[in-house]
Amino acid sequence: MSQVLPIIRLNEEEEMFREAVLDFAREQIAPHVMEMDQKAQFRRELLDQFFELGLMGIDIPEAYGGTGGNFFMSILAIEALASVDASAAIYVDVQNTLVNNAFMRWGNEAIKQKYLPQLAQEKIGAYALSEPSSGSDAFGLKARGEDKGDHFVLNGTKLWITNAAEADIFLVFANINPELGYKGITAFVIERGFDGFKVGKKEDKLGIRASSTCELIMENCIVPKENVLGETGKGYKVAIETLNEGRIGIGAQMLGIMQGSLDAGVQYAQERSQFGRQIAQFQGLRFQIAEAKILLEASRRFVYNAARMKDAGDDFVMEAAMAKYFSSVNAEKVTSRMIDIFGGYGYTKDYPVEKFYRDSKIGQIYEGTSNMQLDTIGKFLLK
Ligand SMILES: Cc1cc2nc3c(=O)[nH]c(=O)nc-3n(C[C@H](O)[C@H](O)[C@H](O)COP(=O)(O)OP(=O)(O)OC[C@H]3O[C@@H](n4cnc5c(N)ncnc54)[C@H](O)[C@@H]3O)c2cc1C
């Protein structure tokens, strides 16, 4: 009889890796979380530690300077970091699940040799698809690329670009042949120092405040021809397929956020007394905590399943959309409920739950809003 392993069971290597990331997050990141949130600035030395620990190139093969793990391990790292600080998790998430993934999948050998070691060891990457007038309708982008023989000239503006303040390597989508519609979209690798490229205004956000989100401006930006990632006109495929994987990363962020806030709620319920008893003794409150645990564990099964399907080479697109949708909706519910457990104290910055709540909201917006996930799932069912 074949043995079916529970999706959430970790093998020894996965368990050790998860514990190591969690220890690092609790010891090195936790003391700075509130200050970084308040200043809306992530500490550079923590980013350097991410590189030293191999967290920025988790599934990049060792031959390209990476850690040589798999996608599931990236998911475990993102979840563990998010249980302490979602902003920390996002640096690791965007690097691994979007940028590195796109380079590994679509880069030719020369691009891989040049950029993967940098991404694994020292340079932060950013993924730039959205624009002021195109978010959900991503392929309606207005950035343009003009073929000049040995180089392209790019013009346009990108908005909401995660990691942009610290990034050195940018994956930017522009259309080189608008008459062909989305079939003109092309992916370009732009380095921070390229002529005509600059990082613009940084957004002041509700949550994930220590994760930078900036505008990018390209004014006659010169990009060498060899910096096209994949084929010209196939950028739409690069974008879609990368985002399909990225969505599982957002799911992992949401798991960490739920876990961090639930841990805080469980602890507080056993410390706070009212009516001469620990509030944890009240059945009404125990039920609220139990329900939060169910929402977290159900979400975890969705996210781990999608990640394991990706590593196994199965078709995971609908699973990823369901994982992102379900975990982000539940993250808002769970974190809101944990504020309830803390009463008035939960509404202040003296306890971590208000930040978990603020950080949860983005899960329903980026890498495709909840409506766009439902649209994807609907398309699978109603062809
Ligand atoms: C903090 C943050 C970080 C981000 N990081 C990045 C990044 O690194 N790189 C990047 O490229 N982008 C990034 N984004 C952009 C993000 O992916 C977009 O904001 C998102 O896709 C939504 O696009 P929009 O903001 O233009 O909203 P819109 O597309 O204008 O949507 C507005 C509303 O209309 C709904 N809607 C739109 N179309 C439909 C439809 N067909 N059916 C039903 N409802 C619909 C949406 O669900 C939403 O509720 C980031 C955004 C934020 C806020």
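Criteria and thresholds
- Residues numbered from 1 in each chain as written.
- Predicted model: local features only at pLDDT ≥ 70, side-chain atom pairs only at ≥ 80, totals over all residues.
- Core = buried A, V, L, I, M, F, W, Y, C linked by C-beta atoms within 7 Å.
- Buried ≥ 20, exposed ≤ 12 C-beta atoms within 10 Å, placed from the backbone.
- Contact = placed C-beta atoms within 7 Å.
- Axes fitted to C-alpha atoms, helices over the stretch in contact; angles between N-to-C directions.
- Helix = DSSP H or I, 4+ residues; strand = E, 2+ residues; numbered from the N terminus.
- Parallel < 35°, antiparallel > 145°, perpendicular 65-115°, else oblique.
- Left-handed = near helix turned anticlockwise from the far one by under 90°.
- Nonpolar A, V, L, I, M, F, W, Y, C, P; charged D, E, K, R; others polar.
- Near = placed C-beta within 6 Å.
- Domains from an automatic or database assignment.
- Pairing = 2+ DSSP bridges.

*Asks:* Lay out the nonpolar core in plain terms, naming residues and giving numbers.
*Replies:* Grouped together as the largest cluster of nonpolar side chains are 113 residues, with contacts concentrated most on L81 and F188. Ignoring any residue separated from it by four or fewer positions in sequence, one finds L81 in contact with V21, A25, A88, A89, V92 and G256.

*Asks:* I'd like a rundown of the packing of helix α9 (residues 317-342) against helix α10 (residues 353-360), residues and numbers included.
*Replies:* Where α9 meets α10, the closest approach of the two axes is 9 Å, and the angle between their N-to-C directions is 160°. Between α9 and α10, the angle falls in the class roughly antiparallel. Where α9 crosses over α10, the two elements pack in a sense that is left-handed. Note on element contacts: α10 touches α9 through V353, E354, F356, Y357 and S360, opposite A331, E332, T335, S336, M338, I339 and F342. Looking at the contact of α9 with α10, its residues break down into 7 nonpolar, 3 polar and 2 charged.

*Asks:* I'd like a description of the site of the ligand, backed by residues and values.
*Replies:* Around the ligand, 20 residues are found, and the nearest of them are G135, S136, W160, T162 and T369. Of all the elements in the fold, those that place two or more residues in the shell around the ligand are β1 (125-128), β3 (151-162) and α11 (370-381). Considering only residue class, the shell around the ligand consists of 9 nonpolar, 8 polar and 3 charged. A domain split of the shell around the ligand shows at least three residues from each of domain 2 (126-233) and domain 3 (237-381).

*Asks:* So, the domain arrangement of the chain: which residues are in play, and what are the values?
*Replies:* In terms of domains, the chain is made up of domain 1 (12-124), domain 2 (126-233) and domain 3 (237-381). Each of domain 1 and domain 3 was reduced to a C-alpha centroid, and the two centroids are 21 Å apart. Listed as interface residues are 24 residues of domain 1 and, on the opposing side, 22 residues of domain 3. Broken down by secondary-structure element, the contributors of at least two residues to the side of domain 1 that touches domain 3 are α2 (33-39), α4 (71-82) and α5 (86-106). Sorting elements by how many residues they give to the side of domain 1 that touches domain 3 places α5 first, with 10 residues. Taken together, the residues of the side of domain 1 that touches domain 3 sort by class into 15 nonpolar, 5 polar and 4 charged.

*Asks:* Requested: an account of unusual backbone geometry, with residues and values cited.
*Replies:* Within the chain, W160 stands out as a residue other than glycine whose phi angle is a positive 70°. Structurally, W160 is set in strand β3. In the Ramachandran plot, F275 falls in the positive-phi region, its phi being about 55° despite a non-glycine side chain.

*Asks:* Describe the pairing of β1, and please don't skip the residues or the numbers.
*Replies:* Side chains G125 and Y127 of β1 all project onto a buried face; the interleaved residues A126 and A128 project onto the opposite face, where all are buried too. As paired elements, β1 and strand β4 (residues 169-175) share 4 bridges and run parallel to each other. Looking at β4, one finds that Y127 is bridged to L171.

*Asks:* Residue-level account of the pairing of β4, with values.
*Replies:* Of all 7 residues making up β4, 7 are buried, and the element is well covered by its neighbours. With burial as the criterion, each face of β4 is covered, one bearing I169, L171, F173 and N175 and the other bearing F170, V172 and A174. Examined bridge by bridge, β4 and strand β5 (residues 185-191) share 7 bridges and lie antiparallel to one another. Across the sheet, residue I169 finds its bridge partner in β5, namely E191.

*Asks:* I'd love a proper account of the environment of C221, names of residues and values included.
*Replies:* In this fold, C221 is placed in strand β7 (residues 213-224). Spatially, the C-alpha atom of C221 lies 8.9 Å from that of I190, the residues being 31 residues apart in sequence. When neighbours within four sequence positions are excluded, C221 is seen to be in contact with V153, L154, I190, F194, D195, G196 and F197.

*Asks:* Please set out the packing of helix α8 (residues 283-312) against α9 residue by residue, giving values where relevant.
*Replies:* At their nearest, the axes of α8 and α9 sit 9 Å apart, and the two run at 155° to each other. Comparing the axis directions of α8 and α9 gives the class roughly antiparallel. When the axes of α8 and α9 are compared, the crossing they make is left-handed. Considered class by class, the residues forming the contact of α8 with α9 number 15 nonpolar, 5 polar and 4 charged.

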